[in-house]
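Summary of structural features
Given next are the chains, with one letter for each unit.
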Amino acid sequence: MRLTHPDGTTVHLAYCTNVHPAETLDGVVAQLAEYCEPVRRRLGTDRLGVGLWLARDAVRALNADPAAPRRLRTELDRRGLEVVTLNGFPYEGFGAEVVKYRVHRPDWTDPERLEYTSDLARLLPPDITEGTVSTLPLAWRTGFDEAVADAAHRALSELARRLDHVEQGRSIRIALEPEPGCAVETTADALAPLAALPGHRIGLCLDTCHLATAFEDPARALAALDRAGIPVPKVQLSAALHAGNPKDPAVRSALAAFDEPRFLHQTRARAGGVLHGTDDLGQALAGDALPDTVPWRAHFHVPLHAPPAPPLSSTLDVLREELTVLVGGPTARSTHFEVETYTWQALPPSARPATSAELADGIAVELRLARDLLTDLGLKEQQ
């Protein structure tokens, strides 16, 4: 969907297709028909933005055959879908039964991460004005030392140079996505590595679930980025799992229902100005790594419109605050917004969609909510 900010800027709203596990080009084409077009029809709009996740095998297929990109573009057009952003964080295997730590590989010290991201930038449609690719925030924190940081810096600097040759009249920017447990976990962690890169082609992807999990204040985070001159080319709209009183056995029992084997659910608590954390929700529940006298938040993307039942809740209010800071003022500070609830099938069984139609229903309701939040801030949907 496209909306117009009061300053005249076009703001794009999409949903990320990493919720669908297809990793081949045929699978991507099939999901456009099974999910993306039905979501568009439910919304009653002539054009729906999709933030495509193209796994390594799909990218290779698109590069190997000159007719393949035309085939994908034809399928997008005939189904009323448009692409201005790609999700380049997961490399492959995001639909596996167990993803966990593997989602962070290859990292930015591996030449394959550079090649994959460069290929994604080349695959953005030639007729768009601005394109974005979100990506891994350097690497997982374990073993991240000065030598690793230097290698990642060299790779990202090379990527910035390559974008000079890829743009061809378009503005294409890469957006590092801070994530709990990574070398860049918070916006503050991103300041030094991003400021050291040449030009302004590489900025930040703000994921509102990750921001909330780290207990960051949206206004302060954006102010620090502004002072450092770091752009926010892309925003992922998502909500984290919030437990107000983790000492309560009922709260612990409710949290345990979200402790599932597929994805990492990094869990955080802030006490006395210090952020405490575990790599997964089960670790938080099993031990005493987190103080239980303050709220916990877990990196679990819960549907925007369907917070968990009490005694749990979601961090949708953080998302609202972030949107207010980004587009609620006189100018639009970011133009690519993407709903990214990839955990529908990881929800407790009673909350999971049972069919493709039910999943399309849920995605459409999330997008309506996101659209309404934007229009409440003065944006107008384009017809």
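See the structure printed just above.
In short, a report on the structure. Note that the coordinates shown come from a computational prediction; the quantities given were computed from them, not determined experimentally.

What the protein chain contains, in helices and strands, is 12 helices and 16 strands. Over its C-alpha atoms the protein chain spans a radius of gyration of 20 Å, differing by no more than 12% from the 21 Å that the globule rule assigns to 383 residues. Expressed along its principal axes, the backbone C-alpha trace of the protein chain runs to roughly 55 × 50 × 45 Å. The burial tally for the protein chain puts 58% of its 383 residues in the buried class. Within the protein chain, counting contacts between residues at least 6 apart in sequence, those at least 24 apart form 79% of the total. Summed over its atoms, the accessible surface of the protein chain is roughly 14,800 Å², and 50% of this surface lies on carbon and sulfur atoms.

Evaluated as defined, the whole model comprises seven aromatic pairs. Their ring planes at 90 degrees and their centres at 5.1 Å tell us that Phe 258 and Phe 300 sit as a pair that is edge-to-face. Here Phe 258, found in the loop between helix H9 (249-256) and strand E11 (267-271), pairs with Phe 300, found in strand E13 (residues 296-302); they are 42 residues apart in sequence, far enough to count as distant. Phe 258 sits in the buried class, given a relative accessible area of 7%. Pairing Phe 263 with Tyr 342 gives two aromatic rings, centres 5.0 Å apart and planes at 75 degrees, and the pair type is edge-to-face.

Along strand E3 (residues 48-53), six of the six residues are buried, which leaves the element largely enclosed by surrounding structure. In E3, alternate side chains face the same way, and those of Leu 48, Val 50 and Leu 52 on one face and Gly 49, Gly 51 and Trp 53 on the other are all buried. Direction of pairing for strand E2 (residues 10-16) relative to E3: parallel, over a ladder of three bridges. Looking at E3, one finds that Cys 16 is bridged to Gly 51. Relative to strand E4 (residues 81-82), E3 is paired through two bridges, and the arrangement is parallel. What sits directly across from Leu 48, in E4, is Leu 81.

Below, the discussion takes up the sheet that holds E13. By way of backbone hydrogen bonds, the strands of a sheet pair with one another, either parallel or antiparallel. In spatial order, the strands read E12-E11-E13-E10-E14; together these five strands make up an open sheet with antiparallel pairing. Both edges of this open sheet fall to strand E12 (274-278) and strand E14 (312-314), since each of them pairs with a single strand only. Within the sheet, the average angular offset between the axes of one strand and its neighbour, ignoring direction, is 30 degrees. Bridging between E11 and E13 involves three bridges; their strand directions are antiparallel. Residue pairing across strands places Arg 268 opposite Arg 297, the latter belonging to E13.

A few words now on the packing of helix H1 (residues 25-43) against helix H3 (residues 67-78). Their axes nearest at 10 Å, the elements H1 and H3 cross at an angle of 10 degrees. The angle between the axes of H1 and H3 places the two elements in the roughly parallel class. Touching Leu 25, Asp 26, Val 28, Val 29 and Leu 32 of H1 are Ala 68, Arg 71, Leu 72, Glu 75 and Leu 76, all from H3. Class assignment of the residues belonging to the contact of H1 with H3 gives a composition of seven nonpolar, no polar and three charged.

Next up on the list: the side chain of Glu 338. Secondary-structure assignment places Glu 338 in strand E15 (residues 336-339). For Glu 338, the contacting residues outside a window of four places in its chain are Ala 14, Tyr 15, Cys 16, Gly 51, Thr 85, Asn 87, Lys 234, Val 235, Gln 236 and Leu 237.

Take the pairing of strand E9 (residues 234-237) next. Remember that side chains alternate between the two faces of the sheet whenever the strand is regular. Alternating residues of E9 divide into Lys 234 and Gln 236 and Val 235 and Leu 237, and every residue in both groups is buried. Here strand E8 (residues 202-207) runs beside E9; their pairing, made up of three bridges, is parallel. Bridge pairing in E9 places Asp 207 opposite Gln 236. Across four bridges, E9 lies against E15 in parallel orientation. In the strand pairing of E15, Val 235 is matched with Phe 337.

Right, let's get into the pattern of salt bridges. Inspection of every chain in the model, using the stated rule, returns 28 salt bridges. The closest approach of N and O atoms between Glu 75 and Arg 79, which form a salt bridge, is 3.3 Å. In this structure Glu 75 comes out as buried when scored by relative accessible area, which is 15%. Several salt bridges share partner residues, and in doing so they unite Glu 37, Arg 40, Arg 41, Glu 75, Arg 78 and Arg 79 into one network.

A few words on the environment of Leu 25. Following the sequence through the fold, Leu 25 ends up in helix H1. If we skip the residues at most four places from it in the chain, Leu 25 touches Ala 58, Ala 61, Leu 62, Ala 68 and Arg 71.

Calculation notes
Residues numbered from 1 in each chain as written. Predicted model: local features only at pLDDT ≥ 70, side-chain atom pairs only at ≥ 80, totals over all residues. Heavy atoms only, no water. Helix = DSSP H or I, 4+ residues; strand = E, 2+ residues; numbered from the N terminus. Rg over C-alpha atoms; globule rule 2.2 N^0.38 Å. Buried < 20%, exposed > 50% of the residue type's maximum accessible area, 1.4 Å probe, protein only. Contact = heavy atoms within 4.5 Å. Areas by Shrake-Rupley, 256 points an atom, 1.4 Å probe, with all protein chains shown as cover. Phe/Tyr/Trp six-rings, centres within 6.5 Å; stacked < 30°, edge-to-face > 60°. Pairing = 2+ DSSP bridges. Axes fitted to C-alpha atoms, helices over the stretch in contact; angles between N-to-C directions. Parallel < 35°, antiparallel > 145°, perpendicular 65-115°, else oblique. Nonpolar A, V, L, I, M, F, W, Y, C, P; charged D, E, K, R; others polar. Salt bridge = Lys/Arg side-chain N within 4 Å of Asp/Glu carboxyl O.

Just distances and angles here, no functional claims.
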